[in-house]
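Breakdown of the fold
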Amino acid sequence: METSVDHLSLLAAAVRAFIESTSELSELLETVVRQVGQPLGAYCGVALLSDDGRQLRPVASWATDQTLAKLLHDRMVELGRDLGPSSLFTRVLYRPQSWMLSSDEMLALEPAVPPGARELISRLELHSVLHAPLRAQGRPVGLLSLVRYGKQAVPFGPEDVALAESLADHAAMAIQSSKLIAAERAARGAAELELARRRRAETALRKTEELLEAAPDAMVIVDAKGRIQLANGQAERLFGYRRDELLGQPVELLVPDRFRAAHPAHRSSYSADPRIRPMGNGLDLRAVRKDGTEFSAEISLSPMHDERGMLVTAAIRDVTDRKQLERKMLEASRLKSEFLANMSHELRTPLNAIIGFSELMHKGKAGPLSAPQTEYLGDVLASARHLLQLINDVLDLAKVESGKMEFRPEPTDLARVVNEIRDVLRGLFAAKRLTVEARIEVGSAVIDPARFKQILYNYLSNAIKFTGEHGRITIRIVPEGPHAFRLDVEDTGIGISPDAFGRLFVEFQQLDASSGKRYQGTGLGLALTRRIAEAHGGRVEVKSTPGLGSTFSAILPLQTAPESADGG
């Protein structure tokens with residue numbers, strides 16, 4: 001009767017541990033095996049079946065002799081790795097009740113007991129083993145094992161079997177409860193994570209909406225399927241739709257009918273290379289309002305990402321007024337160019353006559369002249385020629401602007417052109433005692449030789465004007481990559497301040513624009529040089545240091561394509 005009471009007390013303590021404990025399952029089972037094994041004077045262990053039913057893994061064990069506990073634990077690990085059909089543990093797990101074996105009975109289990117287990121049974125003087133399967137909802141989930149050992153050990157009795165089975169039932173309940181609690185915790189954790197994610201998304205959405213509302217342009221956010229997800233108040237006002245009429249609609253709703261079929265392909269192209277950029281750069285984009293009216297639009301695209309994937313933000317601006325102004329400005333520029341061209345022709349005709357008659361008179365062809373008359377007539381002739389050069393520059397500039405200047409690319413000996421211009425300007429070089437050097441590393445190029453002469457003449461005239469006596473001018477023609485060459489005209493003149501660079505190469509702009517300016521000129525030479533270089537597909541550059549000199553450059557293609565050289 002005393003044994004029964006002890007067993008009942010033991011069972012009650014274990015049950016309380018199962019029910020009252022809030023610790024993790026592994027900690028709970030460690031407590032139970034200690035509370036059961038210690039009063040019974042036996043090794044006590046619990047092993048759990050893997051989800052696939054192929055392995056039995058020990059999770060808790062206790063014995064008075066810790067060395068023995070470890071040996072038995074390791075043995076159960078080894079034996080539980082592969083639960084084959086003939087395995088001892090497989091036979092125990094699927095029995096309807098517990099299985100109690102003596103050492104002799106264990107040794108008689110051929111071939112269920114491996115040779116290593118036989119040696120262990122003999123060496124540790126195992127007396128008897130009691131295995132009780134753990135079942136949840138009729139299915140095995142693990143095993144409770146009790147082992148008595150040593151010479152003084154006594155066999156397990158019926159009360160021990162009943163206790164083991166009761167403990168196994170409660171352990172199975174605890175395991176099942178633990179799994180339910182773990183699942184509940186996981187579900188609660190997932191729900192909390194989802195709630196936190198939604199709150200973050202709502203916060204981000206709210207901030208996005210606030211930013212959209214503060215934007216000066218119409219803002220529309222579109223998802224990967226082309227559906228409008230957000231639109232600001234400016235979009236409502238620009239397109240004439242209420243916000244609820246826009247949300248969820250395809251963005252093609254805002255595209256004119258004639259462009260809608262092709263628009264999805266443009267969206268796909270952007271999705272393949274998403275980056276901040278203007279839409280349809282260089283094109284006249286059109287958008288349509290709710291009432292069917294169209295307008296010229298400027299659209300900037302920007303990708304963004306959230307839990308829905310990639311979204312595209314489109315900033316849309318009505319540029320109808322600006323486009324109309326641009327067209328008016330282009331038309332005004334065209335009319336100006338035509339006017340300048342016509343006026344230049346009208347002025348050049350009588351001026352050529354004046355120059356011609358002045359030359360005849362200056363040479364005495366119309367009769368002898370006094371010395372003062374010859375001097376005055378020379379001044380008239382020089383002024384007329386200067387005016388003719390100015391008119392020619394204006395005419396050339398007007399032709400370039402209107403696309404009517406003719407370019408005739410041909411193979412050109414660059415060194416010969418340099419020598420010709422040096423000969424033309426030889427008198428100006430000599431008057432200021434300037435040293436002129438040339439370094440030609442590119443022999444020839446397919447360009448318009450007349451226009452190249454203009455560029456070189458303008459650069460050299462500019463260098464002569466701003467270089468003092470005994471100065472130096474260097475002409476260089478060198479390669480600029482595989483397909484271009486560089487013309488440099490370097491002087492040792494007065495130089496240019498960096499803040500004045502913006503006025504160079506601009507029509508009628510002069511750095512010395514005062515009424516008493518020291519250096520005369522119209523401000524057309526460099527502007528025309530830039531236009532000619534660009535019409536060839538090239539560009540101009542300048543480097544300068546005040547007081548030390550300047551270098552003016554033109555980078556031109558080695559071969560000017562006829563279609564790009566007509567100025568159109």
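Thresholds, definitions, all that
- Residues numbered from 1 in each chain as written.
- Predicted model: local features only at pLDDT ≥ 70, side-chain atom pairs only at ≥ 80, totals over all residues.
- Heavy atoms only, no water.
- Axes fitted to C-alpha atoms, helices over the stretch in contact; angles between N-to-C directions.
- Helix = DSSP H or I, 4+ residues; strand = E, 2+ residues; numbered from the N terminus.
- Parallel < 35°, antiparallel > 145°, perpendicular 65-115°, else oblique.
- Left-handed = near helix turned anticlockwise from the far one by under 90°.
- Contact = heavy atoms within 4.5 Å.
- Nonpolar A, V, L, I, M, F, W, Y, C, P; charged D, E, K, R; others polar.
- Core = buried A, V, L, I, M, F, W, Y, C linked by side-chain atoms within 4.5 Å.
- Buried < 20%, exposed > 50% of the residue type's maximum accessible area, 1.4 Å probe, protein only.
- Phe/Tyr/Trp six-rings, centres within 6.5 Å; stacked < 30°, edge-to-face > 60°.
- Pairing = 2+ DSSP bridges.
- 1 Å grid on protein atoms, 1.4 Å probe; cavity = no way out; pocket = protein on both sides within 12 Å on 5 of 7 lines; lining within 4 Å.
- Points joined across faces, edges and corners; volume = space filled by probe spheres on them.

Below, the discussion takes up the packing of helix H14 (residues 414-424) against helix H16 (residues 449-466). Axis separation between H14 and H16 bottoms out at 10 Å; the angle between their running directions is 45°. Considering the angle they form, H14 stands oblique to H16. Crossing angle aside, the handedness with which H14 passes H16 is right-handed. The segment H14 lies against H16, with Leu414, Val417, Val418, Glu420, Ile421 and Val424 engaging Phe452, Lys453, Leu456, Tyr457 and Leu460. Across the contact of H14 with H16, the residue classes tally to nine nonpolar, no polar and two charged.

With 39 residues, the main nonpolar core has Phe452, Tyr459, Leu460, Phe485 and Leu487 as its most contacted residues. When contributions to this core are tallied by element, the ones reaching two or more residues are H14, strand S14 (444-447), H16, strand S15 (472-479), strand S16 (484-491), helix H17 (525-535), strand S17 (539-545) and strand S18 (549-557). With seven residues, H16 is the single largest residue contributor to this core. Counting 30 residues, the second-largest nonpolar core is a separate cluster that includes Val36, Leu40, Leu48 and Val141.

The full count for this structure, using the stated rule, is three aromatic pairs. Note on Phe239 and Phe295: the rings are 5.8 Å apart at their centroids and 55° apart in plane angle, and the pair reads as tilted. In this pair, Phe239 sits in helix H8 (residues 233-239) while Phe295 sits in strand S10 (residues 294-306), placing the two residues 56 residues apart along the sequence. Exposure class is identical for Phe239 and Phe295. Each is buried.

Taken together, the two bridges between strand S8 (residues 277-278) and S10 define a ladder with antiparallel strand orientation. By the bridge assignment, Arg277 is partnered in S10 with Leu301. Across four bridges, the pairing between strand S9 (residues 285-288) and S10 is antiparallel. When the sheet's bridge partners are listed, Arg286 is paired in S10 with Ser296.

What the second largest pocket holds in volume is close to 720 Å³. Taken together, 30 residues make up the lining of the second largest pocket; nearest its centre are Val255, His263, His266, Met279 and Ile299. Among the elements of the structure, strand S6 (218-222), helix H11 (263-272), S9, S10 and strand S11 (309-318) are those that each provide at least two residues to the lining of the second largest pocket. At six residues, H11 tops the list of elements feeding residues into the lining of the second largest pocket.

Let us now look at the environment of Leu487. Mapped onto the secondary structure, Leu487 falls in strand S16. Taking the C-alpha atoms as reference points, Leu487 and Ser553, 66 residues apart in sequence, are found 5.3 Å from one another. Excluding residues that lie within four positions of it along the chain, Leu487 makes contacts with Phe452, Ile455, Leu456, Tyr459, Ile475, Arg476, Ile477, Phe552, Ser553 and Ala554.

A few words now on the sheet that holds S17. With mixed pairing, the five strands of this open sheet are ordered in space as S13-S15-S16-S18-S17. Each edge of the open sheet carries a strand with a single partner, namely strand S13 (435-440) and S17. Averaged over all pairs of adjacent strands, the angle between strand axes in this sheet comes to 10°, irrespective of strand direction. When S16 meets S18, the two strands line up antiparallel, connected through seven bridges. Directly across from Val489, in S18, lies its bridge partner Phe552.

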